[in-house]
Amino acid sequence: MRRLIRLQGSVFTRFVAAFLLAIMPICAIGVTLYNWQIRLLDNTTVEAFGTAAKHGFNKVENELDKVKTLSYAVLADEDLLALANSGMIMDNYQKTVSMNRYIRRMENLQDSSGYILRIVTYIPGLNRVLDSSGDLSSDAGIPLQIYAASQRQNGWHFTVWEDRLFYVLPNPGAAAGKPNFTYLLIVELSSSRIRNELAGIAGAEQAIVYDAYHTYATYARESDPDHHIDLKSLVRQKANADPLKVNAGGRTAWIVNQDSEYQGLSLAAYLPEGEINPQLRELRRYFIFFSLAVILTVFILTYLTANLIKGPLGKLVSAFNEVERGNLSLRLEHRKNDEFRYIYRSFNAMVAKIKGLLEQVYEQKILAQSAELKQLQSQINPHFLYNSFFVIRNMARLNDTESVKRFTEYLAKYYQFMTQRESDDVRLAEEVGHSRVYADIQKMRFGERIRIRFGEVPPSAANKLVPRLILQPLVENVFEHGISSLAEEGIIQVDFADENGKLTVSVEDNGDISEAEIEAIRHSLKQPFGEVSGIVNIHKRLRLLFGETSGISVERSGLGGLKITLTIGGTEHV
């Protein structure tokens, strides 16, 4: 609320308000001119639509008229008449010659217009179907189906059968509605060619050519389904309304009709205003540019005003926020030689001094942690060394050479890992492998008295770097203090989990331990000083390297003994 009051009484706010009041009349004039031009262009829309539609329709009409005229000329072909009327008494040679000449005549007719896709002639007297491709057939099923469709639709204009367009022309004098013709000429029209011509109507989204019986040759280009209209239904319902203004999906458009009395055909075209009037789009673009120019002007003047005082102050406040978040590499620059330049220089000097002090303290902390880590690592000793020698001695005395071989191999792997000093870190898979070797050594020592189960290491954690010797001492602790005194079978269970970047390793046994002893271990883990055992050693190492969320916790195991849980957080070394 206080910030709002300050803005209301500031010179900056009053300046912006005065400027907006000054440009409002200009904006009002621009909106008025825009609306006037829209109305002017709207008055010319119908005329533009009609001109474009008429031009496109004339092209289609002329070509269809040409196809029909040439088709009727073929109906009077001498070879066709001879085959239809005298074919039964002609010998095979005469029929073959007449058929070949007539097929060439159909080929010439097909080549005369791109609107003709194919020509078929059916002669019932010969039971022959002649194709413009040169094929001869006695199967008249398809020609008769097309003829039946033409009788249902109309007997004069094109016929639609299975989404294909045809001119169906029986011989002159054939009675309408009955298949009593002596020959039948079927000209298949190229629907794609007609659609291409209709698509040439400027801006047309849909266009149809239809006759009085509402037989259609349709064109519809790809459009937004939200703007689609059923042009055929509109033509049937409002065939006499010309032009017809409609609204489809929130978009205004015109439907225009063009009629041909000679052909008995009509054209209906659906044309959106935005397609037929490119000037409208141009005007809208200018208006948008004008509005953006006004907004940009306000923005520039506001920016220049704010840049004098508010800009440098805001930059300084943002810099303090960045420093609070820990960004000590930030530096401020100010080119003008004024008070802000002095303030910025003082700010940069202050941040640089803070950064130097923090780096000094951090370096000292790292050195101290490293020294303590080395001290903790030096306390790890192989307590079972002497026992191992006695085990080897007993095996040798019993001439158990295979056991001696395996035991010494385990022992060699164990000390190979212990003496490696290339790095303080190893992969978790290597640390687990070392612990398995140690467990195998102890297994040979204790025999059937113990049962050891190692879970699978999650693939996501196998290559994670961990400090050396954080798992084997925990397993060693179980052997030394957990199950060594058990009269019956001892169990050691080691499990792993890696969830959300948090690695946990649990080591539990079925040894005999009291709640007081468990509590004593918890107490030792919390003490910063005092005697350092193997568990406390590992706990301190993990907390030094991975932070306060990492370390060791202990509790009663479900097996009856002690459960030690080792946790490494989701971060790398601190």
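This is a predicted model, so every value here is computed, not measured.

### A short note on the overall build of the chain
Now for step 1: When you go through the chain residue by residue, the secondary structure sums to 18 helices and 18 strands.
Now for step 2: Looking at the chain as a whole, 40% of its 574 residues qualify as buried.
Now for step 3: For the chain, the exposed area adds up to about 32,700 Å²; of that, 55% sits on carbon and sulfur atoms.

### Comments concerning a nonpolar patch on the surface
Now for step 1: Where nonpolar side chains cluster on the molecular surface, the patch consists of Tyr286, Ile288, Phe289, Leu292 and Ile295 and spans about 540 Å² of accessible area.
Now for step 2: Mapped onto the fold, Phe289 is located in helix α10 (residues 278-308).
Now for step 3: Phe289 sits in the partly exposed class, given a relative accessible area of 49%.

### A word on unusual backbone geometry
Now for step 1: A positive phi angle is found at Leu469, which is not glycine, with a value near 60°.
Now for step 2: Judged by its relative accessible area of 9%, Leu469 falls in the buried class.

### Observations regarding the sheet that holds strand β1 (residues 116-123)
Now for step 1: The six strands are arranged β3-β2-β1-β6-β5-β4 in an open sheet whose pairing can be described as antiparallel. Every interior strand has two partners, whereas the edge strands, β3 (136-137) and β4 (159-161), have only one.
Now for step 2: As paired strands, β4 and strand β5 (residues 164-170) are joined by three bridges and run antiparallel to one another. Among the inter-strand pairings, Val160 is bridged to a residue of β5, identified as Leu165.
Now for step 3: Helix α6 (residues 141-153) contacts β1, β2 (128-131), β4, β5 and β6 (184-189) of the sheet and is inclined by roughly 125° relative to β4.

### Section: helix α4 (residues 78-86)
Within an α-helix, residues lying three or four positions from one another point in the same direction, as the helix has 3.6 residues per turn.
Now for step 1: What α4 keeps buried is the set Asp79, Leu80, Leu83 and Ala84. Angular distribution of buried residues about the axis of α4 spans 125°; they occupy a single face of the element. Across from the buried face of α4, at angles greater than 90 degrees, the exposed residues are Glu78 and Asn85.

### Examining the side chain of Ser550
Now for step 1: With respect to the helices and strands, Ser550 occurs in the loop between α18 (534-546) and β17 (551-556).
Now for step 2: Among residues more than four places away in sequence, those in contact with Ser550 are Leu542, Arg543, Thr567, Ile568 and Gly569.

### Brief notes about the packing of helix α15 (residues 428-446) against helix α16 (residues 472-482)
Working note: a packed helix pair is described by the angle between its axes plus the distance between those axes.
Now for step 1: One can describe the packing of α15 onto α16 by two numbers: an axis separation of 9 Å at closest approach and a directional angle of 20°. Our classification of the angle between α15 and α16 gives roughly parallel. In the crossing of α15 with α16, the sense of the turn from one axis to the other is right-handed. Where α15 approaches α16, its residues Glu431, His434, Ser435, Tyr438, Ala439, Gln442, Arg445 and Phe446 are matched on the opposing element by Gln472, Val475, Glu476, Phe479 and Glu480.
Now for step 2: Among the residues making up the contact of α15 with α16, the classes are represented as five nonpolar, four polar and four charged.

### Details of the packing of aromatic side chains
Now for step 1: Overall, the coordinates contain six aromatic pairs when judged by the stated rule.
Now for step 2: Centroid distance Tyr414 to Tyr438: 6.1 Å. Interplanar angle 35°. Geometry classified as tilted. Of this pair, Tyr414 sits in helix α14 (residues 401-419) while Tyr438 sits in helix α15, and the two are 24 residues apart along the sequence.
Now for step 3: Since its relative accessible area comes to 0%, Tyr438 is described here as buried.
Now for step 4: Aromatic rings pair up to connect Tyr122, Tyr147 and Phe181 into one cluster.
Now for step 5: The ring of Phe417 has Arg468 sitting right over it, with the charged end atom 4.7 Å from the ring centre.

### Considerations on the pattern of salt bridges
Now for step 1: Applying the stated criterion across every chain, the model contains nine salt bridges.
Now for step 2: In this structure, the salt-bridge partner of Asp77 is Arg105, at a minimum N-O distance of 2.8 Å. Here Arg105 lies in helix α5 (residues 92-111) and Asp77 lies in the loop between α3 (45-75) and α4, a separation of 28 residues in the sequence.
Now for step 3: The exposure class assigned to Arg105 is partly exposed, which follows from its relative accessible area of 30%.
Now for step 4: Glu489 is paired through a salt bridge with Arg451; the nearest N and O atoms lie 3.2 Å apart. Of the two residues, Glu489 is situated in the loop between α16 and β15 (490-499) and Arg451 in strand β13 (residues 450-454); the sequence distance between them amounts to 38 residues.
Now for step 5: For Glu489, a relative accessible area of 36% translates into the label partly exposed.
Now for step 6: We classify Arg451 as partly exposed; its relative accessible area is 33%.

### Concerning the packing of α4 against α5
Now for step 1: Two elements in contact, α4 and α5, have axes separated by 8 Å at closest approach and are oriented at 140°. One element, α4, and the other, α5, form an angle in the oblique class. The handedness of the crossing between α4 and α5 comes out as left-handed. Contacts between α4 and α5 involve Asp79, Leu80 and Leu83 on the former and, on the latter, Lys95, Ser98, Met99, Arg101 and Tyr102.
Now for step 2: In the contact of α4 with α5, the residues fall into four nonpolar, one polar and three charged.

Parameters and conventions
Residues numbered from 1 in each chain as written. Predicted model: local features only at pLDDT ≥ 70, side-chain atom pairs only at ≥ 80, totals over all residues. Heavy atoms only, no water. Helix = DSSP H or I, 4+ residues; strand = E, 2+ residues; numbered from the N terminus. Buried < 20%, exposed > 50% of the residue type's maximum accessible area, 1.4 Å probe, protein only. Areas by Shrake-Rupley, 256 points an atom, 1.4 Å probe, with all protein chains shown as cover. Patch = residues over 30% accessible without salt bridge, like charges linked within 9 Å, V, L, I, M, F, W, Y side chains within 5 Å. Salt bridge = Lys/Arg side-chain N within 4 Å of Asp/Glu carboxyl O. Pairing = 2+ DSSP bridges. Contact = heavy atoms within 4.5 Å. Axes fitted to C-alpha atoms, helices over the stretch in contact; angles between N-to-C directions. Arc of directions from axis to C-beta. Parallel < 35°, antiparallel > 145°, perpendicular 65-115°, else oblique. Left-handed = near helix turned anticlockwise from the far one by under 90°. Nonpolar A, V, L, I, M, F, W, Y, C, P; charged D, E, K, R; others polar. Phe/Tyr/Trp six-rings, centres within 6.5 Å; stacked < 30°, edge-to-face > 60°. Lys NZ or Arg CZ within 6 Å of the ring centre and 35° of its normal.

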